[in-house]
Amino acid sequence: MSYLSLSNTSFVAIAISFVVICITVFILRIITQIKAKQALKDELAQYDNFAMGISFASEISVVIATIAFLFDEISVSTAQSNPLKVAVLIILLFSFIKIGHMIHRKWILRRFNEEAAILKKNVCAALVDSGMLIANCIMTLGLYTWTHTQGFSNLLIAFVSFFVLQGMFALDSKIREYRFAKANQGASLQSNFNLENTSIGIRYAGKSIGLALAAYAGLSSAAFQNGKMVENLFTLVMHCSVMWALLYTLTFIIKKISLPNIDTALEVDHQDNIGIACIEFAVFCAIGYLLISMFSI
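Residues numbered from 1 in each chain as written. Predicted model: local features only at pLDDT ≥ 70, side-chain atom pairs only at ≥ 80, totals over all residues. Heavy atoms only, no water.

K.L.:
Even after reading the chapter, I still don't get the UniProt feature "transmembrane region" (unreviewed entry) in the protein chain, so can you show me in this structure?
P.N.:
With numbering aligned to this structure, UniProt lists the feature "transmembrane region" (unreviewed entry) at residues 12-31, 51-71, 83-103, 123-146, 152-171, 233-254 and 274-292. What you have in residues 51-71 is 100% helix and 0% strand, and the ends, taken at the C-alpha atoms, are 31 Å apart. Overall, residues 274-292 shows 100% helix and 0% strand. The separation of its end C-alpha atoms is 27 Å. (UniProt positions renumbered as here; feature names shortened; annotations may be inferred. Helix = DSSP H or I, 4+ residues; strand = E, 2+ residues; numbered from the N terminus.)

K.L.:
Help me understand helix H10 (residues 198-221), please; the structure alone is not making it clear to me.
P.N.:
Turn by turn, an α-helix covers 3.6 residues, leaving residues three or four places apart pointing in a common direction. When the terminal C-alpha atoms of H10 are compared, their 35 Å separation across 24 residues agrees well with the 34 Å that a helix rising 1.5 Å per residue should span. A large share of H10 lies buried, amounting to 24 of its 24 residues. (Expected span 1.5 Å × (residues − 1). Buried < 20%, exposed > 50% of the residue type's maximum accessible area, 1.4 Å probe, protein only.)

K.L.:
It is not clear to me how the packing of aromatic side chains should be interpreted in this structure. Could you clarify?
P.N.:
In this description, a pair of aromatic rings is defined by centroid distance and the angle of the planes. Tallying each qualifying case throughout the model produces nine aromatic pairs. For the ring pair Trp-146 and Phe-224, a centre distance of 5.0 Å and an interplane angle of 85° mean the geometry is edge-to-face. One end of the pair, Trp-146, is in helix H7 (residues 123-147); the other, Phe-224, is in the loop between H10 and helix H11 (229-258), with 78 residues separating them in the sequence. Judged by its relative accessible area of 5%, Trp-146 falls in the buried class. Overall, the relative accessible area of 15% leaves Phe-224 in the buried class. Ring geometry for Phe-162 versus Phe-163: centroids 5.5 Å apart, planes at 85°, classification edge-to-face. For Phe-163, a relative accessible area of 37% corresponds to the partly exposed category. An aromatic cluster is built from Phe-96, Phe-159, Phe-162 and Phe-163, whose rings are joined through pairwise contacts. Over the face of the ring belonging to Tyr-204 we find Arg-176, whose NZ or CZ atom lies 4.3 Å from the ring centre. (Phe/Tyr/Trp six-rings, centres within 6.5 Å; stacked < 30°, edge-to-face > 60°. Lys NZ or Arg CZ within 6 Å of the ring centre and 35° of its normal.)

Right under this line is the structure:
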C-alpha cells in the first residue's frame, strides 16, 4: 500500500514553478540593489532598513503567489508542450502588476515619493507601497481568472478593464484622503505618510488589499462575454461597485461591534495606535475574502 499520493506530475510542476520563481527573485534582487545603489545585504543587515525589508518581502510574496497561481491554473502538459505561451503569460501578469504599481506611485499618490521614503527607513511608506503592490497582484489575478478561458483574443478587454479598476482604486484613495482631511483639520494624508505613523500605513494597506479582494469577488461573480467590450465593462463596473459598497458597509458594522465607543480615526491618526490599525487591517482583508467566498461562481 502506498501512503504517498503525490504523482510524478506534481513533482514536475513544483520543479518548473520553483525554477521560474528562483530566476524571477534573482532578477528582482538585482533591480532592488540598483535602486538602493548598494548591495541588498548592506541595506538590510548593516543599515537595518526595516522599510526596505518590508518592501522586498512583499515583492517576493507577489512573485511566488503569482507563479503558484498561474501553474495551478494551467496544466503541466501545457507548460511542457507550449513553454512560450507560459512565458508570455508570466510576462503579461507581471507587466500588469508593475503598471498598476507605477500608477499608484506616480498618479494616485503623486505627492508622496514612496521610493525615497523607503530608502530613508520610513516603515509607513513601505506598508503603503507593499499594500498597493499586493492589491495590484490580487486584482491582476482576478482579471486573469475572468478572461483567460477566452484566450489572448480578449487581451484588449482585459487591458481596458484593468484601467477601469485603477480608476476605482484612485477614487477610493481620494475618498480616504478627503475623510482624513475632514477629520484632521484639512491635513493631507499623503503628507502624513512622511511623519512615519506606522498605524496609518497599516490601515492604508489593509484597505487597499480589502478593496482588491472585493474587486476579485466582483470579477469572479461577473460573466465574461467573448469579444464584447461595452457589455463586459458595464458588467465589471456594476459587480465591482456592489462589492466595493458591501466591503465598506460590512466592515463598518464589524468595527462598530468589535470596537464600541472607540474613535478609530483619533487612535490611528494621532495616537499611532498600531493595535487598532491591525484590527482594521484584519477586518478589511477578512471581509474581502468573505466576499470572494460568497460570490465566486
